[in-house]
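A structural walkthrough
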Amino acid sequence: MAGEKRADPDAILAGIKEEGRGTLTVFLGAAAGVGKTYAMLETARERLEDGLNVLAGWVETHGRADTEALMAGLPVAPPHHLEYHGRSFAEMDLDALLARKPQIVLVDELAHTNIPGSRHAKRYQDAEELLAAGIDVYTTLNIQHLESLNDAVAQITGIKVRETVPDKILEQAEIQLVDVPPEELIQRFKDGKVYVPDKAAEALRKFFRPGNINALREMALRHTAKRVDHQMETYMRAHAIEGPWSAGEKVMVCISPSPFAARLIRYGRRMAANMQAEWFAVYVDTPRHMPVGEDEHNLLEKNIQLAEELGAETVTIAGDSVADELLGFVKKHNITQIIIGKPLRPLFREWLHGSLVDYILKRSEGISVHVISGKSQPNSTPQAQTAGRESFQILPYTAIVLMIALLTVLAMPVRSYLGQVNIAMLYLVPVLFSAVVWGRYFSVVAAILGIISFDFFFIPPTFTFTVFDLRYLFSFAIFLLVALMTGTLSARLRQHIIYARQREARMVALYALSREISATNELEKALEQVAKKVYESVESQVVILLPGADNKLVVRAKSDAEQKILVDENEKAVALWVYEHGQTAGRGTDTLVGADCTYVPMRTEQGILGVLGVRPRDSRHLSPEQRRLLEAFASLGAVAVNRIQLVEQAKETHLLAESERLHAALFNSISHELRTPLTSIIGAVTGLLDEDDLYDSVSRRDLLQTIKQGALRMHRLVNNLLDMTRVESGYLQLSKEWCDVQDMIGVAASQVEALRSRPLKIEAAPDLPLVQADFVLIEQVLVNLLDNAAKYSGPDSEISVKALHNREEVAISVADHGPGIPEEDRELVFDKFYRLRASRQIGGTGLGLTICKAIVDAHGGRIWVSGNPGGGALVTFTLPLLAAAPEKIPESEPSASAGDGNGE
Amino acid sequence: MQVMAMENKSARIMIIDDEPQMRRLLQVALTAHGYEIRGAETGRAGIDQTAVFHPDLIVLDLSLPDLDGIEVIKQLREWTQTPVIILSVREQENDKIAALDAGADDYVTKPFSMGELLARIRTALRHAAGAGDEPVLTFGGLVIDLTRRYVAVDGREVKLTPTEYELLRILAVNAGKVLTHRQLMRTVWGPSYEQETNYLRVYIRQLRQKIEPDPARPRHIITEPGVGYRLV
């Protein structure tokens, strides 16, 4: 069969259209037990015999012997096991299948819902991924699992099917109908040949009735027929044959931002259901009929949503003429039934240009046009709802009354001078004012009030409502008409202004965001700003996901921290889909509708950089306007992300070079520092070992001293390197305790061997307070400083240590009488591996002072180099006195008795 | 006198270290000083051998292939008071304190000088032999008479407050041994003062001013940075 299909031009066309994509073959059945799996396996075996690489990804034989027999010899991919709620579940191993890349994969039960924690929520998504990877997929499906038939199935069988497969999956598939006469199927069921899960046994018994089976079978047959029709349509389109051709019914409902449209939609739904037809809900967005104000936008959105919920494909077309766009759509999609609403009151313009309905009727030969009258809907126009209906607004009424009263009072004295016509003109002022400020409803109120007071105060007989001259009635009518028209126009203008302001606000938001994010070079900050701005503009909770390690999406920013926006695995799967496919998806869209958020790809020329997700408050859907704004924000964000990532890359490159330089310095320094003592150690040791008798006791001792010194030097180096590593890795943890500075100096002095034979002066103020410090690390600082002082000064010169304090800090300085440190080097000596030029011949790593600085910095102190007034270097560091040590110290109580007890 | 007797009888030392080179070095050096040596490679073997060999002192490495050294000390301390000297490359103060608090008598960091290790071994052995029981303790010019609560430096009596005396007494009784801050605080001020190390700093400074010839470079009360003090 597939051999014939391969010759089909349609298939060839499909092959060209979606290059590299696998073909989906669906074995469609009316109910469980018709033998779908059996048919699939049979076909698979044929393919296997043809020499194709077939792999069973997931096959459920339900223990049927004949089915299992077919499995023999088919390569099977082992499932992988997932833990969920403490139980282990087997699932199809998608990654293994993708890795093995066979030509055909068998995936049973397309409608299956995967265990949470799987890559995709649904198995059909797994199949999609296989197809995208260029693998052909054979799968099985019961007609009841098709999404569009869900309601119908529930109505017929009384069983609501939860696991559904979107229709578009099947639209791309080859369908092979597996059909069994109902009687035979019921017999099979009675014989126990149909797999029935234990729990559902009772429900299924009800399910397997001839009525149900017949209905389902009809659906399956019908669907397959529709598919064939669709293929024909594709063929005709491919060969530029103009439609329509009467192969199947297609219904189009024309919708508008009016409550009446909901009726049209329901009508369309019923008609489409009766005809088993595809149906569309079409809205034409023209500049003239642009929705005005929030209410109309919401109404339109509500209508679109309703249509989507009822299974329509919703389409928004932008164009100049509603009628032409509608007719264009009809042609393009071979619509056979048009449903359109009849406007309640024909407008002047329609008398002039002919109504929309007439226009369409004239130009839609061969198409049924259903015109639905809107009579029964009381509120046909949204404007009637908008102004002043929700609550009684006292201010406009008061203001109108006051304005008219004031006008009347002002006009009274000069009425003879002004004349009635001009006074009537004056009464138009409140009308226009009300229209602009409060809307049309109030303009009408102002007009009526105006006429009443005009009549009462100025039309003879004055101070009565009686009118002598009947011609005045005509004047009133004209006045009212003018008021109404100007009012309507200015109200409309006002709404346009409001709408324009909203647009402007959004543009300003976009502009502000682009300015703000171009000012920062920190990714986190930029993303936060994007999230914040989106949050403010769209009034939705926002989440931004960027690809992290191994291309998984990671939440990088949220609109606010404590919000409950949930980014679980399913949401991430949707986001990932958006990331991979570059299309908006999620809630309120037509893809992956189940998601909590709407996800918009963040796109630049480099590709998709991340995903922006929003969850509107109070569970509204986003309006098309908002979605466009969101897309603008997303692409702005993407540009920023791209820019910052490039900057970071550049920085990293620079850092890499820097660290390479440091590494080179490290290696030079270490190899020198390690080799020098090693050379002397090895030399001395080999000397002693090889020619022991050559040396007298004095020279032997000399050699041993050399070894000892070399070893100690290496020991120092290793310590320095370890300290440096600790500092660099951020592992420098202070264990602070109360320390006696004098004690620290004493301990450090005793550590430095070179100081044993040197004069050392220690000057410590007698009232030095205890400091909070890490004794060992500060001792290390002192040892390094003393060691340097000893190394860089004459062997007999004095080294002095001074400790002073003021209220904020203790300062400890080490001074020597060596050559000192040149002014220009005094900052640099704390850099890693920095060595004074003059001191190259003196051993050292150039790490000592770096370590000192790191330790002192960690304590919140400062360290600096200056000149010793008596010549030489002076290094000073400070330790802050953060808290005073308690003055009073209790005498120990048990001491006396313990001492006595021991003594006696 | 007692000490000499001990050494003549050739004290037995158990070495628990997993590095053969280290065991070999100690074997050679300590045998040369007249000690009888037994080596063990793992913590468990060390504990077992200790029960058989009855050493007078144990030299223990902290990084052992099977047990952690601290755990070895704890297990040993369940049944023996044999002095334990830790010989380890771990130089972090926490490790030292943990070992000493667990019951080790002294701590020597690798790399070490043989002279220092030998001195620590002698101190620990002397201590184990009950040297602290003597009523009059002499450290160079420093004399402490425990019976009379009398302290003198170079023959001149030094007046100490009760706390200073108690601190000095504890250090003197454990002469040569490192006492951690915690151990000192607990003994002198009581368990509730364990964290108040500033008391200790102040008293040590006062004590040094009274008994040290040069308090800036103390000779008797030696600071073990980050760990505690010892009296020599």
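These numbers come from a predicted model, not from an experiment. (Residues numbered from 1 in each chain as written. Chains lettered and ligands numbered in written order. Predicted model: local features only at pLDDT ≥ 70, side-chain atom pairs only at ≥ 80, totals over all residues. Heavy atoms only, no water.)

A short note on the overall build of chain B
Broken down by element type, chain B carries 9 helices and 12 strands. Per-residue burial over chain B gives 54% buried out of 232 residues. For chain B, contacts bridging at least 24 residues in sequence account for 58% of all contacts bridging at least 6. Carbon and sulfur atoms make up 50% of the accessible area of chain B, which amounts to about 10,100 Å² in all. (Helix = DSSP H or I, 4+ residues; strand = E, 2+ residues; numbered from the N terminus. Buried < 20%, exposed > 50% of the residue type's maximum accessible area, 1.4 Å probe, protein only. Contact = heavy atoms within 4.5 Å. Areas by Shrake-Rupley, 256 points an atom, 1.4 Å probe, with all protein chains shown as cover.)

Digging into the overall build of chain A
When helices and strands are counted, chain A shows 31 helices and 24 strands. Per-residue burial over chain A gives 45% buried out of 904 residues. Looking at chain A alone, contacts between residues at least 24 apart form 69% of all its contacts between residues at least 6 apart. A total of about 47,200 Å² of accessible surface is found on chain A, and carbon and sulfur atoms cover 56% of it.

Focus on the sheet that holds strand β5 (residues 106-109) of chain B
All names here are of chain B. One open sheet accounts for 5 strands, arranged β2-β1-β3-β4-β5; its pairing is parallel. One side of each edge strand has no neighbouring strand; the edge strands of this open sheet are β2 (36-40) and β5. Each strand axis lies, on average, 20° off the axis of its neighbour in the sheet, ignoring direction. Summarising the sheet, strand β4 (residues 84-88) and β5 pair through 4 bridges and their orientation is parallel. By the bridge assignment for β5, I85 is matched with D106. Running at roughly 165° to strand β1 (residues 12-16), helix α3 (residues 43-53) makes contact with β1, β2 and β3 (57-60) of the sheet. Of the strands in this sheet, β3 and β4 touch helix α4 (residues 69-77), which is tilted by about 160° from β3. (Pairing = 2+ DSSP bridges. Axes fitted to C-alpha atoms, helices over the stretch in contact; angles between N-to-C directions.)

A look at empty space enclosed by the protein
Sizing a probe to match a water molecule and rolling it over the atoms shows the empty space that remains. Going through the model one piece at a time under the given rule, you end up with 2 cavities of 30 Å³ or more. Looking at the largest cavity, its volume works out to about 50 Å³. What lines the largest cavity is A:D740, A:Q742, A:D743, B:R205, B:R208, B:Q209, B:P215 and B:A216. Looking at the lining of the largest cavity, the elements with two or more residues in it are α28 (741-751) of chain A together with α9 (197-211) of chain B. Broken down by element, the lining of the largest cavity gets its largest block of residues, 3 residues, from α9(B). In the lining of the largest cavity, the residues fall into 2 nonpolar, 2 polar and 4 charged. (1 Å grid on protein atoms, 1.4 Å probe; cavity = no way out; pocket = protein on both sides within 12 Å on 5 of 7 lines; lining within 4 Å. Points joined across faces, edges and corners; volume = space filled by probe spheres on them. Nonpolar A, V, L, I, M, F, W, Y, C, P; charged D, E, K, R; others polar.)

Notes on the environment of A:Q583
All names here are of chain A. Among the secondary structure elements, Q583 is positioned in the loop between α25 (569-581) and β15 (585-586). Along the sequence, Q583 and Y599 sit 16 residues apart, while their C-alpha atoms lie 8.5 Å from each other. Leaving out residues up to four positions away in the same chain, Q583 has contacts with W577, V578, Y599 and P601.

A short note on the environment of A:A424
All names here are of chain A. Looking at the element boundaries, A424 is found in helix α20 (residues 420-426). Separated by 26 residues in the primary sequence, A424 and G450 have C-alpha atoms spaced 8.3 Å apart. Residues within four places of A424 in sequence aside, it is in contact with F454 and F479.

Thoughts on the packing of aromatic side chains
Residue and element names in this part refer to chain A. Enumeration over the complete set of coordinates arrives at 13 aromatic pairs over all chains. Judged by centre distance (6.0 Å) and plane angle (85°), the rings of F456 and F463 are edge-to-face. The exposure class assigned to F456 is partly exposed, which follows from its relative accessible area of 22%. Since its relative accessible area comes to 45%, F463 is described here as partly exposed. (Phe/Tyr/Trp six-rings, centres within 6.5 Å; stacked < 30°, edge-to-face > 60°.)

Focus on the pattern of salt bridges
All names here are of chain B. Taken as a whole and judged by the stated rule, the model has 28 salt bridges over all chains. The salt bridge involving D17 is made with K110; its shortest N-O contact spans 2.9 Å. Residue D17 is located in the loop between β1 and α2 (20-32), and its partner K110 is located in the loop between β5 and α6 (114-128); the two are separated by 93 residues in the primary sequence. For D17, a relative accessible area of 2% corresponds to the buried category. Between R90 and D68 there is a salt bridge; the shortest N-O distance is 3.0 Å. Separated by 22 residues along the polypeptide, R90 in the loop between β4 and α5 (93-102) and D68 in the loop between β3 and α4 bring together distant segments of the chain. Relative accessible area serves as the criterion here: at 34%, D68 is assigned to the partly exposed category. Here the residues in one salt-bridge network are D106, E116, R120, E224 and R230, joined through shared partners. (Salt bridge = Lys/Arg side-chain N within 4 Å of Asp/Glu carboxyl O.)

Quick look at the side chain of A:T25
Checked against the element boundaries, A:T25 lands in strand β1 (residues 24-29). A relative accessible area of 8% places A:T25 in the buried class.

Focus: unusual backbone geometry
For the bond running from B:K110 to B:P111, omega is -5°, close enough to zero to count as cis. In this structure, B:P111 sits in the loop between β5 and α6. Positive phi, close to 55°, is recorded for A:N334, a residue that is not glycine. One can find A:N334 in the loop between α14 (322-333) and β11 (337-342). Among the residues examined, A:N334 registers a relative accessible area of 5% and is labelled buried.

Regarding the pairing of β4(B)
All names here are of chain B. With 5 of 5 residues buried, β4 is to be regarded as a mostly interior element. With burial as the criterion, each face of β4 is covered, one bearing V84, I86 and S88 and the other bearing I85 and L87. As defined by bridge partners, β3 adjoins β4 across 3 bridges and the pair is classed as parallel. Bridged to I58 within β4 is V84. For the segment spanning β3, α4 and β4, crossover handedness is right-handed. Handedness of the crossover joining β4 and β5 through α5 is recorded here as right-handed. (Right-handed = clockwise from strand over helix to strand, strands pointing away.)

Quick notes on the confidence of the model for chain B
Here chain B shows a mean pLDDT of 86. Residues at 70 or above account for 95%. Overall, residues 1-8 of chain B carries pLDDT values under 50, and its contacts beyond four positions in sequence, including any with other chains, amount to 8 contacts. (pLDDT = per-residue confidence, 0-100.)

Points about a nonpolar patch on the surface
Residues and elements named next belong to chain A. Residues I448, I452, F465, L480 and L484 make up a contiguous nonpolar surface patch of about 420 Å² in total accessible area. When residues of the nonpolar patch are traced back to their parent elements, those giving at least two are α22 (440-458) and α23 (471-519). The residue L484 is located in helix α23 in this model. (Patch = residues over 30% accessible without salt bridge, like charges linked within 9 Å, V, L, I, M, F, W, Y side chains within 5 Å.)

Description of the nonpolar core
Counting residues in each nonpolar core, the largest one holds 59 residues, and the members touching the most others are A:L106, A:L130, A:L141, A:I143, A:V165, A:L170 and A:F208. Contacts of A:F208, omitting those with residues within four sequence positions, involve A:A31, A:A32, A:L185, A:I186, A:F189, A:V194 and A:I213. (Core = buried A, V, L, I, M, F, W, Y, C linked by side-chain atoms within 4.5 Å.)

Some words on a positive patch on the surface
A cluster of basic residues, A:R701, A:K708, A:R756 and B:R217, forms a positive patch at the surface. Looking at the element boundaries, A:R756 is found in the loop between α28 and β19 (760-764). (Lys, Arg positive; Asp, Glu negative; His and termini not counted. Charge placed at Lys NZ, Arg CZ, Asp CG, Glu CD.)

Some words on helix α29 (residues 775-791) of chain A
Along an α-helix, residues three or four positions apart point the same way, because every turn accommodates 3.6 residues. All names here are of chain A. Taking 1.5 Å of rise per residue, 17 residues should cover 24 Å, and α29 covers 24 Å from first to last C-alpha, within 8% of that figure. Most of α29 sits inside the fold, with 14 of its 17 residues counted as buried. Of the residues flanking the start of α29, the one acting as N-cap is D774, its side-chain oxygen 3.1 Å from the backbone nitrogen of V776. (Expected span 1.5 Å × (residues − 1). Polar contact = N/O pair within 3.5 Å; in protein donor to acceptor, adjacent residues only side chain to side chain.)

Side note on the sheet that holds strand β12 (residues 368-373) of chain A
All names here are of chain A. Spatially, 5 strands are ordered β10-β9-β8-β11-β12 in an open sheet, and the strand pairing comes out parallel. Strands with a single pairing partner mark the edges of an open sheet, and in this sheet they are β10 (313-318) and β12. Strand-to-strand, the axes of this sheet are offset by a mean angle of 25°, without reference to chain direction. Pairing of β11 with β12 involves 6 bridges; the strand directions are parallel. Along β12, the bridge assignment pairs I339 with H370. Across the sheet, helix α12 (residues 260-275) touches β8 (250-254), β9 (278-285), β11 and β12, and the angle it forms with β11 is around 160°.

Observations concerning the confidence of the model for chain A
Residues and elements named next belong to chain A. In this model, chain A carries a mean pLDDT of 78, and residues with pLDDT of at least 70 account for 84%. Here residues 1-17 scores under 50 on pLDDT; set against residues more than four positions off or in separate chains, the count is 11 contacts. This stretch, residues 893-904, has a pLDDT under 50; its non-local contacts, to residues over four places away or in other chains, come to 17 contacts.

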